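# Summary of structural features
The chain contents come next:
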Amino acid sequence: MRRSLIGLLAILCAATVPASDHADQGRVLENMPAVEPHRARIETINRNLTERLEELLPRLMRETGIDLWLVINREYAEDPVYLTLVPEPVFAARRTTMLVFHDRGEEGVQRLTVNRYPIRDYYEPAWEGGDLDDQWRRLGELIAERDPKKIGVNVSRDWPLADGLTASLRERLIDALSPELRERVVSAQDLVIRWMETRSPGELQIYPHVVALARRTIAEAFSNDVITPGATTTDDVAWYIRHRFEELRLNPWFQPYVNVQREGTIYERDAPFFGASGILIERGDVLHTDVGICYMRLCTDTQEMGYVLRLGETEVPEGLQNALRIGNRWQDVLTGEFKTGRRGNEILARAIEVANGEGIVHSIYTHPLGFFGHAAGPTIGMWDNQGPTPVRGDWKLFPNTGYAIEGNIRAQVPEWNDQWVQIKLEQSAVFDGKRVLYLAGRQTEWHVVE
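Not measured: the values here are computed from a predicted model. (Residues numbered from 1 in each chain as written. Predicted model: local features only at pLDDT ≥ 70, side-chain atom pairs only at ≥ 80, totals over all residues. Heavy atoms only, no water.)

### Digging into the confidence of the model for the protein chain
Per-chain confidence: the protein chain averages 92 in pLDDT, with 93% of residues scoring 70 or above. Throughout residues 1-33 the model reports pLDDT below 50, and contacts reaching past four residues in sequence, or to other chains, amount to 74 contacts. (pLDDT = per-residue confidence, 0-100. Contact = heavy atoms within 4.5 Å.)

Right, dumping it as C-alpha cells:
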C-alpha cells in the first residue's frame, strides 16, 4: 500500500532541508496541491502564455534586434518553438501555419496568423482563406506592408531548438519576398534561445510544484512500499516510477532509470558512470535513479540516491553519508560560480578549478531546463567532455533561467574497504540573476529502504 500524501511529503521534506544558501526553496513542498486534471491545466498554461507574449516577447525582440519574426511550420513537422507560442489545448500545427510577430515600437508587438484555422484571442487573423499559393502570397504582402529591417526565421546550424524552419518552407518564403526583402532575412537563433530559456513570473510560481512531484515520486519509489530486498529488481522500480507518473497524469520525457552499486563490484575511479541495472536489489546496495517529467509545459530532470539497510543496520554507513556531503559541497562549488553574463564554459572552468583545489573527484554535465528537459541555454560541461563546448558552451548566463544541476562525485567508503562509490546528483534549479535556488529543495539525506 502506498504511503499517504502527508507521509510522502514528510519524507521528502526531511530529504530537502537546506544545506546552503543555494537550497532555500525546500519548504515549498509542505503544502503541495494535487496534480490538476488536463482540463484544469489550460487556464494556468494560457495565462502564462499571455504573460509571455505581452510582456516577455517584446523585450526579447528588441534585445536581439529582430523587428519581424516568422514561425512557419506544417502538421507532422512542427517547429520546436511553435507549441510554446500557441494556447492549449493544442497538439500540432494545422496544415501550414504561419505566425507573424511585428514589433511596432511604442505600439507593441502585433501578433498575426496566416492560417486557415484561427487562433482566437491570441493572434489576429490576416488571411481569409484560399489555396496554399494564396496563403504564401498573403504572407509576402504582409511582410512588404510592414517593411521590416530584419526578418527573423528559425534556422540555426548549432542550436536544434532554433532550427525549426524546414528547407522547403524556407524556399517558399524566399519566393514570396521581393529581392530587397530577401536580403533582410536573418537567423532568429538568439531570439528563439532567449524565448525558450527565460522563465516568466507566472512560470516561476508553478515550477516548484512541478519539480516537487518528481522528487515526491522518487521518495515513494525508494521506500519499503515499493522495494523488497531480494525480490524487487531495478527494472521493477523504474517501471513503478513510470506507472506512477501515468497515474498522476504526468508525462515523462524519458524512461526512468534505476541502477545499483554494490560492495565488491569494483569500478575504476575515473570510469564515467558506476552502477548496474536489470538486476535484483539486495541489502547493502546503493540505489540511484534518473527521472524527468513535463507538466504545465515545464520539464524537470532529477537524480537521487538511496541505500538498502543490511540486517542489523539502523542507519546509512558514515562513509556513504560523508560521500553525499561531498556531493552537496560539489553542488555549492558549481552554483557559486553562476554569475550573470558568464559563459557556460567559464562557469565550468572556474568550478573545476575550485573543486579540484578541494580534492573533490567530480564530473560536471549541467544543462538548461524549461520547455524541454534538454533545453536552450548555456551548456556547462558534458559527461564526455570536461573542457569547453563550442558555441553552446559560449552562451551567456541570463537571469530567470532554469538548470539541471547535474554531475557526480566519487569518494572512497571505509566500510567498503575504501571502494570507490559514485554519488550521481541532479536537481532542478533556477538562477534569479544573483543566486541559484533549488526549485523544490535538494537531497541532503539518503533515501533509506529498511
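Next comes the rest of the description.
### Concerning the sheet that holds strand β11 (residues 298-299)
In spatial order, the strands read β7-β10-β11; together these three strands make up an open sheet with antiparallel pairing. Lying at the two open borders of the sheet, with one neighbouring strand each, are β7 (251-252) and β11. Pairing geometry for strand β10 (residues 293-295) and β11, over two bridges, is antiparallel. Among the inter-strand pairings, Cys-294 is bridged to a residue of β11, identified as Cys-299. (Pairing = 2+ DSSP bridges. Helix = DSSP H or I, 4+ residues; strand = E, 2+ residues; numbered from the N terminus.)

### With respect to the state of the cysteines
All chains considered together, the criterion is met by one disulfide. The partner cysteine of Cys-294 in its disulfide is Cys-299, sulfur to sulfur 2.0 Å. Here Cys-294 and Cys-299 share a disulfide; its torsion about the S-S bond, 100°, makes the bridge right-handed. On the basis of relative accessibility, which here comes to 2%, the residue Cys-299 falls in the buried class. (Disulfide = S-S within 2.5 Å. Buried < 20%, exposed > 50% of the residue type's maximum accessible area, 1.4 Å probe, protein only.)

### Thoughts on helix α2 (residues 38-64)
Maximal helix bending in α2 amounts to about 40°, located at Leu-56; proline Pro-58 follows within four positions. Phi for Gly-65, located one or two positions after α2, is positive at around 75°. (Bend = angle between axes of the 7 residues up to and from the residue.)

### Quick look at unusual backbone geometry
Residue Pro-89 is bonded to the preceding Glu-88 through a cis peptide linkage, with omega at -5°. Residues other than glycine seldom take positive phi values, yet Arg-249 does so here, at roughly 60°. Under the relative-accessibility criterion, Arg-249 is labelled partly exposed at 34%. Residues other than glycine seldom take positive phi values, yet Val-391 does so here, at roughly 70°. Assignment of secondary structure puts Val-391 in the loop between β14 (367-369) and β15 (401-413). By relative accessible area, which is 32% here, Val-391 ends up partly exposed.

### Considerations on the sheet that holds strand β1 (residues 68-74)
Backbone-to-backbone hydrogen bonds pair the strands of a sheet. The strands run either parallel or antiparallel. In space, the six strands of this open sheet follow the order β4-β3-β2-β1-β5-β6, with mixed pairing throughout. Edge positions in the open sheet fall to β4 (124-125) and β6 (185-187), since each of these has one partner strand only. In this structure, β1 lies alongside strand β5 (residues 151-153), joined through two bridges in parallel fashion. Each bridged residue has a counterpart across the sheet, and for Leu-68 the counterpart in β5 is Ile-151. Packing against the sheet, helix α4 (residues 167-176) makes contact with β1, β5 and β6, and its axis sits at approximately 130° to β1. (Axes fitted to C-alpha atoms, helices over the stretch in contact; angles between N-to-C directions.)

### Digging into the pairing of strand β2 (residues 96-103)
On a regular strand, each side chain points to the face opposite its neighbour's, so the side chains alternate between the two faces of the sheet. Counting buried positions over the eight residues of β2 gives eight, a clear majority of the element. With burial as the criterion, each face of β2 is covered, one bearing Thr-96, Met-98, Val-100 and His-102 and the other bearing Thr-97, Leu-99, Phe-101 and Asp-103. As defined by bridge partners, β1 adjoins β2 across seven bridges and the pair is classed as antiparallel. Considered in β2, the bridge of Asn-73 is made with Thr-97. Pairing of β2 with strand β3 (residues 109-114), which is carried by six bridges, proceeds in the antiparallel orientation. By the bridge assignment for β3, Met-98 is matched with Val-114.

### Things to note about the packing of helix α3 (residues 132-146) against α4
Where α3 contacts α4, the two axes come as close as 9 Å, and the packing angle between them is 60°. By the angle class used here, α3 and α4 are oblique. Crossing hand, α3 versus α4: right-handed. For the pair α3 and α4, the contacting residues are Leu-132, Asp-133, Trp-136, Leu-139, Gly-140 and Ile-143 in the first and Leu-169, Arg-172, Leu-173 and Ala-176 in the second. By residue class, the composition of the contact of α3 with α4 is seven nonpolar, one polar and two charged. (Parallel < 35°, antiparallel > 145°, perpendicular 65-115°, else oblique. Left-handed = near helix turned anticlockwise from the far one by under 90°. Nonpolar A, V, L, I, M, F, W, Y, C, P; charged D, E, K, R; others polar.)

### Considerations on the side chain of His-362
As for its placement among the helices and strands, His-362 is situated in strand β13 (residues 361-364). Judged by its relative accessible area of 11%, His-362 is buried. Of the polar contacts made by the side chain of His-362, one reaches the backbone oxygen of Ile-360; its length is 3.0 Å. Non-local contacts of His-362, meaning those with residues more than four positions away in its chain, are made with Trp-330, Ile-352, Ala-355, Asn-356, Asn-408, Ile-409 and Arg-410. (Polar contact = N/O pair within 3.5 Å; in protein donor to acceptor, adjacent residues only side chain to side chain.)

### Description of the pattern of salt bridges
Summed over all chains, the structure comprises 30 salt bridges. In this structure, Glu-247 and Arg-244 form a salt bridge, with 3.1 Å as the shortest nitrogen-oxygen distance. With Glu-247 and Arg-244 both in helix α8 (residues 234-247) and three residues apart, this pair spans about one turn of that helix. Taking the shortest distance from any N to any O, the salt bridge between Asp-285 and Arg-262 comes out at 2.7 Å. With Asp-285 in the loop between β8 (257-261) and β9 (286-291) and Arg-262 in the loop between β8 and β9, this residue pair connects regions lying 23 residues apart in the sequence. We classify Asp-285 as buried; its relative accessible area is 0%. Via salt bridges that share partners, Arg-138, Glu-141, Glu-145 and Arg-146 belong to a single interconnected network. (Salt bridge = Lys/Arg side-chain N within 4 Å of Asp/Glu carboxyl O.)

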